[in-house]
Amino acid sequence: MKLFVLSLMLCFSAVCMAQNVTIRAVNQPASVVFRSIVEQTGKNFVYSSELLKDMRVSINVKNKPLKQALSIIFKDSDIEYEIKGRNIILKRKPKPEKRVNKSVVSTERPIIPKQNAVVPKMLEEVVVVSRLEAPAVETAEIGAKKLTAQEIINTPVLFGESDVIKALQMQPGVSEGQEGMAGMHVHGGNADENLYMLDNVPLYQVNHFAGLFSAFNAEAIRYIDFFKSSIPAKYDGRLSSYLDVRTKSGSPEGHHGSFRLGLTSGAFNIDGPIGRKTTYSVALRRSWFDVLSIPMLALVNSSSDDEKIRFRYAFMDLNAKVTHRFSNKATGFISVYFGNDVLKTGSCDKHVPESGWYDDDKCDLHWGNLVAQTGLNYRINPLISAEFTAAYTRYFSGMKHDWLSKEISSSGTTESHSISKTNNNINDWIFRADFDWRPNDANRVRFGGNYILHSFLPARTDRNYTVGTTQTLTRDSTWAYTANEANIYIEDDWRISEKFRMNAGLHLSLFNIDGKTNYGVDPRLSFSYRPSENWAVKAAYARTNQYVHQLSQTYLSLPTDQWVPITGKFKPQNADKVSLGAYWQSDNKMFAASVEGYYKVMRNLVDYRDEYYLQPPTEMWNAQLCSGKGTAKGIDFKIEKLYGKLTGHISYSLAWSDRTFPDKNGGLTFPARFDNRHTINILLNWNISDKVSLNAAWTGHSGNRFTLLPQVWESPDFGTIYSGDESPLKTRLNNYQLPFYHRLDLSCTVRNKRGYWTFGLFNAYCHMNTVAIRRTHNNANRPVFQKVKLLPIIPSISYTWQF
Amino acid sequence: MAILRYIIPILSVFLLTGCYEDFNPEIDTKPVLCLNSLITAGEPIEVKVTHTWMFNDEKSERNHDVKDAVVTILANERIVGSDYLPKEGDKIRIVAESPTYGTAMAEVIVPLATPIGKVKVTPSVTNIWKRDDMPNYEMLADITFNLNIEMDVNDPAGTDNYYHFGYNWFGSDTDGSPTLSIGQFEYNSEPIFKEHIGVFETVMGNDEDTQFVFFSDRQFSGKTYTLHLNFSNNSFHVNSQEYDESRLECGVNLYLTTVSKSYYNWAVYKWNVDEGITGDLSDIGLAESKWGYSNVSTGAGVVAAQSSVKYTIDLKEFLKTTLNNK
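Residues numbered from 1 in each chain as written. Chains lettered and ligands numbered in written order. Predicted model: local features only at pLDDT ≥ 70, side-chain atom pairs only at ≥ 80, totals over all residues.

1. Details of the overall build of chain B
Counting its regular elements, chain B contains five helices and 17 strands. Buried residues in chain B amount to 44% of all 326 residues. Look at the contacts in chain B between residues 6 or more apart in sequence, and 73% of them connect residues 24 or more apart. (Helix = DSSP H or I, 4+ residues; strand = E, 2+ residues; numbered from the N terminus. Buried ≥ 20, exposed ≤ 12 C-beta atoms within 10 Å, placed from the backbone. Contact = placed C-beta atoms within 7 Å.)

2. Details of the domain arrangement of chain A
What the domain assignment lists for chain A is domain 1 (17-107) and domain 2 (149-703 + 738-802). For domain 1 of chain A and domain 2 of chain A, the distance between their C-alpha centroids amounts to 38 Å. (Domains from an automatic or database assignment.)

3. With respect to the sheet that holds strand 5 (residues 87-92) of chain A
Residue and element names in this part refer to chain A. The three strands are arranged 2-5-4 in an open sheet whose pairing can be described as mixed. A single partner strand is all that each edge strand has here, and the edge strands are strand 2 (44-46) and strand 4 (79-84). Across the sheet, the axes of successive neighbouring strands diverge by a mean angle of 25°, strand direction being ignored. (Pairing = 2+ DSSP bridges. Axes fitted to C-alpha atoms, helices over the stretch in contact; angles between N-to-C directions.)

4. So, the sheet that holds strand 6 (residues 78-80) of chain B
Residues and elements named next belong to chain B. Within the open sheet, the four strands sit side by side as 6-5-7-8. Their pairing is antiparallel. Whereas interior strands pair on both sides, the edge strands pair on one side only; in this sheet they are strand 6 and strand 8 (102-109). Within this sheet the neighbouring strands show an average axis-to-axis angle of 25°, counted without direction. Alignment of strand 5 (residues 70-75) against strand 7 (residues 91-98), held across six bridges, turns out to be antiparallel. Its bridge partner lying in strand 7, Ala75 is registered against Ile92.

5. Section: the nonpolar core
Core analysis: the biggest nonpolar cluster contains 85 residues, and Leu33, Leu35 and Ala304 of chain B have the highest contact counts within it. The biggest single contributor to this core is helix 3 (residues 261-275) of chain B, with eight residues. Setting aside anything within four residues of it in sequence, one finds Leu33 of chain B in contact with Val49, His51, Val66, Ala69, Ala96, Ser98, Tyr101, Gly102, Thr103, Ala104, Thr298 and Ala300 of chain B. Core analysis: the next-biggest nonpolar cluster, separate from the first, contains 58 residues, Ile165, Met170, Ala540 and Leu551 of chain A among them. (Core = buried A, V, L, I, M, F, W, Y, C linked by C-beta atoms within 7 Å.)

6. With respect to the domain arrangement of chain B
When the parts of a complex come together, some accessible area is lost, and that lost area is often used as the size of the interface. All names here are of chain B. Looking at chain B, the domain boundaries give domain 1 (30-111 + 261-306) and domain 2 (116-259 + 308-325). Here the C-alpha centroids of domain 1 and domain 2 sit 32 Å apart. Listed as interface residues are 12 residues of domain 1 and, on the opposing side, 16 residues of domain 2. Counting only elements with at least two residues in the side of domain 1 that touches domain 2, the list comes to helix 3 and strand 17 (303-314). A per-element tally of the side of domain 1 that touches domain 2 places helix 3 first, with seven residues. Class assignment for the residues of the side of domain 1 that touches domain 2 results in eight nonpolar, two polar and two charged. (Nonpolar A, V, L, I, M, F, W, Y, C, P; charged D, E, K, R; others polar.)

7. Quick word on unusual backbone geometry
Residues and elements named next belong to chain A. A positive phi angle, close to 55°, is found at Asp514, a residue other than glycine. Looking at the secondary structure, you find Asp514 in the loop between strand 26 (500-513) and strand 27 (516-532). Unusually for a residue other than glycine, Asn781 sits at a positive phi of about 60°. Locating Asn781 in the fold gives a position in the loop between strand 44 (770-777) and strand 45 (783-789). Given 8 C-beta atoms within 10 Å, Asn781 falls into the exposed group.

8. Let's talk about the confidence of the model for chain A
In this model, chain A carries a mean pLDDT of 84, and residues with pLDDT of at least 70 account for 88%. Low pLDDT, under 50, characterises residues 1-18 of chain A; the predicted model gives this stretch 14 contacts beyond four residues in sequence or across chains. (pLDDT = per-residue confidence, 0-100.)

9. Description of the environment of Arg677 of chain A
All names here are of chain A. Relative to the helices and strands, Arg677 is located in the loop between strand 35 (670-671) and strand 36 (678-687). When the C-alpha positions of Arg677 and Trp656 are compared, they lie 6.0 Å apart, and in sequence the two are 21 residues distant. Setting aside residues up to four positions removed in sequence, Arg677 forms contacts with Leu654, Ala655 and Ser702.

10. Here we look at the environment of Leu243 of chain A
Residue and element names in this part refer to chain A. Here Leu243 is to be found in strand 14 (residues 241-247). Taking the C-beta count within 10 Å as the criterion, Leu243 has 26 such neighbours and is therefore assigned buried. For the pair Leu243 and Lys145, spaced 98 residues apart in sequence, the C-alpha separation works out to 9.6 Å. Leaving out residues up to four positions away in the same chain, Leu243 has contacts with Asn194, Leu195, Tyr196, Met197, Ile224 and Phe226.

Okay, here's the thing in structure tokens:
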């Protein structure tokens, strides 16, 4: 059998070695054309990234030899090529004098004469590249998307803060969740079912400010690979989607940077070389709400004789990376990411009275992520490259509440002092190795493994009450866990023939916690059939596993949300997903369209049970939880214009998502909160000129589901303070659908010599969407239902200075 | 003092620009029967039968009593009359039938009273004025004191028990004016009164200023638990200079009430919606809606039961000693 498979592979390899290519492209970026050649020949292009800057290609060849196609591509350029084994090496033609002169008068970045000497040495530099460079018709993946930093910046968002997650919310099959928040619900999944990886290392806290901003600074991002349907075997640990964020390395060409000042934050980034082989990159972003709040608070406090209010909120994130090229085969890096939110609130009486009460109330919260890592990209031989990563990641969330109260009388002072502190931490030590092997032109095998030592402290609350001389100390929720996680995977991206392509993989995982070992066997398979150059149909199956989940009692992203591991009676969550897709691209690759369908079954989902709050938290947190299942199905349509002055996409999603929990809704199936039946997204980027561009994003979707409690009953009067009024009558969960949601966001970028202005309008036509229904009494004291509408039109402005 | 007070203004940067719009949701509802009753061992059973109504019903302030309901009470599966006095351990079932609103049923077991175990009382005087100090005032004494009490709860094994702590005080002068006044009960002194408060609420400061005195035996099932009960700034005052030992007769009654699970759950629910932060957040759609806890088949109403024991702390000797020692 092995012999047969080997023979088959060799046969297909021989077919693929024919080296004839078919390419049709009009004014396409060179990288797109190269990718097509790579797909057809299995050869790699090796070149300096600066070499092809802004190069565009027009070519129309059908079944011509590779050399002939390459000659046409580079005919009028100053680039020459050399086919060396499986690599096509590009470099500048040796005409240094002419380029030096040109560089003197050019306003573009000057080309340094020495570059010709440098370029050949850099040709075999090991650089991690996105696996989604090729158009969708050429790959086997379904539901995958590569986003560049520019695409993220081009997506208009609230306050003009470029946001990775909000950019992804414009993709079909991705729901935004709560309005304005950086939540993500992919194909009917929950918000904690998305894995966010920063240079191969998972992040737990991906939001700032209750979810209004994501923790990823767009200035530091090189590209993002996003997978939501067919999941490559490398990824596991979440049910719904995988976001592989890669940060920028510094430029070897010189020092560059930018400084941005917006309404809510400022950002500074700089990168450049340190010597000949080392580069650095630093990106820092910090909010300045606290700077705004200082004078406002001073005004408020000066107008009050009695009370002084404390308030300070700030978030920051720092990305720093140093990359060193040890040799043509080895590149290493050290990087640090630190994201942190700080919130300090409270109040105190300004004066201690001679008699009466005195209060001093302080609350400090801080939460965030720290990632420190080192990595080595190493080309073992021309066929195998490897990426080794060692990392430490820490998720932290700490809260402290300090309340001092004094009752002062002629007979003395009675003092009450209470301090409560809560900590929720996860510490992970991560060691991983990923290999990329190209045994022949038709196969690309990726394999690797990792080991993670987790240390979970889900929640630890210390309370200290002092009344007079009596002190009471308590500590709740003292559970702490150490867990060992190991993963191995292998996948083969196999170009069976010109028309057939398959990506088959297997991910095996092991999660040991609390004396119990859980296993995951996750097969992955995707298959592509390309009847013509412009068409492809695909099918995929993926199983995913999840060992940690996030508990949240609200729809906000708060520091009180706890990441907890699967323990006790709960089993690892898993999902099976099948997808089908059809893809089309125009002859000149300017337009693309796709339709993707999926059906997903999720098992062992964890959620708060009905009336969970009746279980006291002194029991295991598991007592408040229950386990169930969910299904999601739908179809995503998308039409894209990829190149030209006007680019963008229109997408439509038809989706269903439901949940069934024995301990929720009486065991009956109910719709998921973000069961948005119809979703339409339109994203347009119009480069009016070299100086001005307009971006527009319109989203419209069926309203979120909401548990509306229409009836009430008379509450019992048992003679305690917990009596009286009326209580709402229980109904089916998510029984009400909020009105259709729609919103238009606009932004305009105006460039000048030094940088660019960005003007934004969130909710441009000020359609205030309903986010909830509440029961209340109106001005006439009549009981009424009211639609709660939050965000109106919100303008923003920022300036980015580039140097 | 909940920090929500401070966080809400931050969110209000956005929320203030938001708005509310009255509307009438088109949702099909049907009123059902609601039963409310607190059954106390040794006392006749009273049941209040009402019906549910649409919250925005224009006539919602009317009386919701159901006149045509027939109520049947069963004690240990036997129909009993309205003069029946329930006993501890009785299984009481209440069934109400109405031609208009249908049927509702609820069942509860009258819990066994849990005897109060050892009680240790430590009074401490913080301030004292006597007639000798102030001869011009018509006053025998004015004593301010604290009471630290350790009260053992001997939880019976084999059942889940839920408790409510209560107290009152007594003591009056010959003219009927009160002599004893209990100042402040320090809820913070006993952590078990906060066992229902989770991390989220603690961080938001909602564990302070609460007067919640229900607790369960989850942490000491079948064992003895000592409640730490601190009363501060208590005062004893007699408006007469005439010393008479009968004037010193005063004390504090401590009540340990064993309540049904339905009563405990109702109290926890009310705490969550009235004092917890998730109740506030669900009002503006940022947390899951909370419906009223009910153990009635229709989902409306609470049928609860309780049995109580009392322990009296006599302060006469303490006051006598205090007056004689100074």
